[in-house]
Amino acid sequence: MTMPRRRPGRPRRADATPTRERVLAAATALFAQRGFDAVGLREVAAVAGVDVATVAHHAGTKAQLYDACFARVFTAERQVLEEAAERARQALAAGPQKALGALHDLVDVFVDFLEDHPETTALWLRRWLEPHRHADLDARYSAPLYALVVDLLTVAAAAGALAEPTPHVTVRSLVWAVHGHVTALAAGVGSGARERREFRAFVHRFLDALYGPAGP
């Protein structure tokens with residue numbers, strides 16, 4: 001039996017990006033660039049290469065689409081942070097130096113993720129420009145990641161691996177420092193490769209000062 005030939009240039013079904021992912025990727029980029037109010041569903045549809053009915057089918061209203069964009073970046077970020085946090089938790093029993101090295105690795109994973117996904121920083125910065133709108137997004141997609149690392153530092157302090165009286169302040173400070181770094185890279189401040197190396201070295205020095213032998 002002769003199989004019908006595939007039309008030239010037409011992607012195989014297995015090779016095509018799922019429609020919902022195309023819609024969410026387009027919407028994430030647009031919301032990150034201009035914020036919630038300045039983006040319409042028709043524009044998302046045009047960028048995703050679908051019609052507006054398809055956007056509505058996969059994402060619902062614009063508010064639901066906005067939420068789905070945050071859920072999308074949250075899921076990806078949570079996965080890499082949970083894996084790194086678990087490795088750090090396992091290192092606690094090996095003593096302070098191993099614990100500190102694991103914290104270096106955890107922060108490097110966070111920096112790498114945001115550098116590779118700068119739309120995550122841009123999306124959150126747009127949301128934080130209007131702190132009284134969409135505040136529920138923080139509870140669902142920001143607070144759990146803060147809590148993950150705060151809990152790790154609390155456990156490490158209880159185990160005597162480090163001294164940390166205010167883990168929530170430390171985590172908040174590091175998160176904002178990394179977002180600032182990613183924003184500077186996006187703005188073209190300095191040499192990209194050099195800026196990355198220097199920022200990593202800074203974060204490691206910061207952690208060493210907090211938790212190393214000369215720390216609190």
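Residues numbered from 1 in each chain as written. Predicted model: local features only at pLDDT ≥ 70, side-chain atom pairs only at ≥ 80, totals over all residues. Heavy atoms only, no water.

> Teacher, can you tell me more about the overall build of the protein chain here?
Summing up its helical and strand segments, the protein chain has ten helices and zero strands in all. In the protein chain, the succession of helices and strands from N to C terminus is α-α-α-α-α-α-α-α-α-α. A burial count over the protein chain gives 38% of its 216 residues as buried. Sequence separation of 24 or more characterises 67% of the internal contacts of the protein chain that already satisfy a separation of 6 or more. Carbon and sulfur atoms make up 57% of the accessible area of the protein chain, which amounts to about 12,100 Å² in all. (Helix = DSSP H or I, 4+ residues; strand = E, 2+ residues; numbered from the N terminus. Buried < 20%, exposed > 50% of the residue type's maximum accessible area, 1.4 Å probe, protein only. Contact = heavy atoms within 4.5 Å. Areas by Shrake-Rupley, 256 points an atom, 1.4 Å probe, with all protein chains shown as cover.)

> Hey, could you run me through the pattern of salt bridges in this one?
Opposite charge on two side chains lets them pair, provided their charged atoms get close. In total, this model carries eleven salt bridges according to the counting rule given. Between Asp37 and Arg133 there is a salt bridge, with the nearest N and O atoms lying 2.8 Å from each other. Here Asp37 is found in the loop between α1 (19–34) and α2 (41–48), whereas its partner Arg133 is found in the loop between α6 (118–128) and α7 (136–141), with 96 residues between them in sequence. (Salt bridge = Lys/Arg side-chain N within 4 Å of Asp/Glu carboxyl O.)

> I would appreciate a short explanation of the environment of Leu153 in the present structure.
The topology assignment puts Leu153 in helix α8 (residues 143–158). For the pair formed by Leu153 and Arg89, sequence separation is 64 residues and the distance between their alpha carbons is 9.1 Å. With near-sequence residues (within four places) excluded, Leu153 lies in contact with Leu103, Leu162, Glu164, Pro167, Thr170, Val171 and Tyr211.

> Can you walk me through empty space enclosed by the protein in this structure?
Where empty space is left becomes clear once a probe the size of a water molecule has been rolled over the atoms. Inspection of every chain in the model, using the stated rule, returns one cavity of 30 Å³ or more. Looking at the largest cavity, it is lined by 23 residues, and the ones nearest its centre are Leu81, Phe110, Val149, Val171 and Val175. Listing elements by their share of the lining of the largest cavity, those giving two or more residues are α4 (62–91), α5 (96–116), α6, α8, α9 (167–186) and α10 (192–211). Per-element tally for the lining of the largest cavity: the top contributor is α9, with six residues. (1 Å grid on protein atoms, 1.4 Å probe; cavity = no way out; pocket = protein on both sides within 12 Å on 5 of 7 lines; lining within 4 Å. Points joined across faces, edges and corners; volume = space filled by probe spheres on them.)

> I tried to follow the side chain of Thr120 on my own but got confused; where do I start?
Take Thr120: it is sitting in helix α6. Ignoring sequence-local partners within four residues, the contact set of Thr120 consists of Val73, Glu77, Phe113 and Leu114.

> Mind showing me how you'd approach the packing of aromatic side chains here?
The geometry of an aromatic ring pair comes down to the distance between the two centres and the angle between the two planes. Scanning the model with the defined rule gives ten aromatic pairs in all. Here the aromatic rings of Phe31 and Phe36 are separated by 6.1 Å at their centres, their planes lie at 15°, and the arrangement is stacked. Here Phe31 matches Phe36 in class, with each residue buried. Consider the rings of Phe202 and Phe206, whose centres lie 6.3 Å apart with planes at 40°: the pair is tilted. One end of the pair is Phe202 and the other is Phe206, both in helix α10 and four residues apart, which spans about a single turn. (Phe/Tyr/Trp six-rings, centres within 6.5 Å; stacked < 30°, edge-to-face > 60°.)

> Could you clarify how one ought to interpret the nonpolar core in this entry?
Phe31, Val44, Leu65, Leu103 and Leu207 are the most contacted members of the largest nonpolar core, which has 60 residues in total. When residues of this core are assigned to their parent elements, the largest contribution, twelve residues, is made by α4. Contact partners of Leu207, with chain neighbours within four places excluded, come to Leu100, Leu103, His104, Val107, Leu174 and Gly212. (Core = buried A, V, L, I, M, F, W, Y, C linked by side-chain atoms within 4.5 Å.)

> Teacher, can you tell me more about the side chain of Asp108 here?
Secondary-structure assignment places Asp108 in helix α5. At 3.0 Å, the side chain of Asp108 forms a polar contact with the side chain of His204. (Polar contact = N/O pair within 3.5 Å; in protein donor to acceptor, adjacent residues only side chain to side chain.)

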